[in-house]
Amino acid sequence: MRSMLSQTEENYLKAVYKISESDPGPVSTNAIAKIMHTSAASVTDMIKRLSEKNYVDYKKYYGVELTQMGKNSATLLIRKHRLWETFLVNQLKFSWEEVHDIAEQLEHIQSDQLIERLDEYLNYPKFDPHGDPIPSTDGKFTIRNQTALSDMQIGDQGQVIGVKIHDTPFLQHLNKIGIKINTAVEIIAKQEYDQSTTVIINQNDQVLLSEKVATKILLKKI
């Protein structure tokens, strides 16, 4: 039976889910503490509580894994977050660097009916304003081929379909140089020394991207 979760408990489930996405397997309490900005001791207390509610499996010195119920709850939270981000950008005209923190608050609304009506109102979007897949009602993600800009070769062309991080400074930097979702990109030079990449965006402006930036921009090859 599914127990009611507090906002903090939901945030912990989402943190475990996000960490395991990039590093499959048991998640350490230290990794959770880093993403939650708290102590390992506080994480252990919370994980024990979630284990008692059957949302996680926890073994001391081994790590934490989400149960199926935990995965379902984390996926639902991600679904709500990304739908709200889409609503904020598409309907309320927020920019993509402004919506993450607002969606962090809205994702905890418990009304299933509201979320389904929101999904319908938005015409069932598959991806949010950052290019991340929005889980369907049954928790399925739409997968598509994507390549980091840093992995593209000279002469390759692509279209921006996502970014790896949603940090406000990073997105503001992309705004400043004219890169956003659907921007056309052509690779014209790569520097061996520092792995920086020179691109032409929208067949017009030439921009030099550091390796740090290029690794975080995701393209669909065209």
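A brief report on the enclosed structure follows. (Residues numbered from 1 in each chain as written. Predicted model: local features only at pLDDT ≥ 70, side-chain atom pairs only at ≥ 80, totals over all residues. Heavy atoms only, no water.)

**Quick notes on the overall build of the protein chain**
Okay, so step 1: The number of helices and strands found in the protein chain is 8 helices and 8 strands.
Okay, so step 2: With the principal axes as the frame, the protein chain shows a C-alpha extent of 55 × 45 × 25 Å.
Okay, so step 3: Considering the protein chain, the positive charge centre built from 26 side chains and the negative charge centre built from 29 side chains are found 3 Å apart. (Helix = DSSP H or I, 4+ residues; strand = E, 2+ residues; numbered from the N terminus. Lys, Arg positive; Asp, Glu negative; His and termini not counted. Charge placed at Lys NZ, Arg CZ, Asp CG, Glu CD.)

**Comments concerning the packing of helix α1 (residues 7-22) against helix α2 (residues 29-36)**
Okay, so step 1: Contact pair α1 / α2: the axes reach a minimum separation of 10 Å and the direction vectors enclose 115°. When the axes of α1 and α2 are compared, the crossing they make is right-handed. Across the interface between the two elements, Asn11, Tyr12, Ala15, Val16 and Ile19 of α1 pack against Ala31, Ile32, Ile35 and Met36 of α2.
Okay, so step 2: Classifying every residue of the contact of α1 with α2 by side-chain character gives 8 nonpolar, 1 polar and no charged. (Axes fitted to C-alpha atoms, helices over the stretch in contact; angles between N-to-C directions. Left-handed = near helix turned anticlockwise from the far one by under 90°. Contact = heavy atoms within 4.5 Å. Nonpolar A, V, L, I, M, F, W, Y, C, P; charged D, E, K, R; others polar.)

**What to know about the sheet that holds strand β3 (residues 147-148)**
Okay, so step 1: An order of β3-β8-β4-β5-β6-β7 is seen for the 6 strands of this open sheet, with the pairing classed as antiparallel. Here the strands that pair on one side only, and so sit at the sheet edges, are β3 and β7 (205-209).
Okay, so step 2: Summarising the sheet, β3 and strand β8 (residues 217-221) pair through 2 bridges and their orientation is antiparallel. Bridged to Ala148 within β8 is Leu218.
Okay, so step 3: Contacting β4 (157-163), β6 (197-201), β7 and β8, helix α7 (residues 168-177) runs over the sheet at an angle of about 150° to β4. (Pairing = 2+ DSSP bridges.)

**Examining the environment of Met152**
Okay, so step 1: Mapped onto the elements of the fold, Met152 is located in the loop between β3 and β4.
Okay, so step 2: Overall, the relative accessible area of 0% leaves Met152 in the buried class.
Okay, so step 3: Linking Met152 and Ala214, residues 62 residues apart in sequence, is a C-alpha distance of 9.6 Å.
Okay, so step 4: Those residues in contact with Met152 that lie beyond four places of it in its chain are Thr147, Gln157, Gly158, Ile187, Lys190, Leu219 and Lys221. (Buried < 20%, exposed > 50% of the residue type's maximum accessible area, 1.4 Å probe, protein only.)

**Regarding the pairing of strand β5 (residues 184-190)**
Okay, so step 1: Across 3 bridges, the pairing between β4 and β5 is antiparallel. When the bridges of β5 are listed, Gly158 appears paired with Val185.
Okay, so step 2: Of the strand pairs in this sheet, β5 and β6 are connected by 5 bridges, and their pairing is antiparallel. Residue Glu186 lies in a different strand from β6, and its bridge partner there is Ile200.
Okay, so step 3: Linkage of β5 to β6, two consecutive antiparallel strands, is achieved through a turn of 6 residues, within which Gln195 is found at a positive phi near 60°.

**Side note on the pattern of salt bridges**
Okay, so step 1: Following the criterion strictly, the structure yields 7 salt bridges and no others.
Okay, so step 2: Across the pair Arg49 and Glu9 runs a salt bridge whose closest N-O atoms are separated by 3.9 Å. Of this pair, Arg49 sits in helix α3 (residues 40-52) while Glu9 sits in helix α1, and the two are 40 residues apart along the sequence.
Okay, so step 3: You can call Glu9 buried: its relative accessible area is 3%.
Okay, so step 4: Ionic contacts of the salt-bridge type, sharing partners, join the residues Glu9, Arg49 and Lys53 into one network. (Salt bridge = Lys/Arg side-chain N within 4 Å of Asp/Glu carboxyl O.)

**Considerations on the environment of Tyr12**
Okay, so step 1: Mapped onto the elements of the fold, Tyr12 is located in helix α1.
Okay, so step 2: Accessibility expressed as a relative area gives 6% for Tyr12, which makes it buried.
Okay, so step 3: Considered as a pair, Tyr12 and Val213 are 201 residues apart in the sequence and their alpha carbons are 28 Å apart.
Okay, so step 4: Setting aside residues no more than four positions away along its own chain, Tyr12 makes contact with Ile32, Met36, Thr38, Ser42, Val43, Met46 and Leu50.

**Here's the deal with the packing of aromatic side chains**
Okay, so step 1: Overall, the coordinates contain 2 aromatic pairs when judged by the stated rule.
Okay, so step 2: A centroid spacing of 5.9 Å and a plane angle of 85° characterise the contact between Trp84 and Phe87, whose relative ring orientation is edge-to-face. Placement of both Trp84 and Phe87 in helix α4 (residues 68-90) is noted, with a separation of 3 residues, approximately one turn of the helix.
Okay, so step 3: Residue Phe87 is classed as buried on the basis of its relative accessible area of 18%.
Okay, so step 4: Pairing Phe87 with Tyr121 gives two aromatic rings, centres 6.3 Å apart and planes at 55°, and the pair type is tilted. Remark: Tyr121 occurs in helix α6 (residues 112-121) and Phe87 occurs in helix α4; sequence separation between them is 34 residues. (Phe/Tyr/Trp six-rings, centres within 6.5 Å; stacked < 30°, edge-to-face > 60°.)

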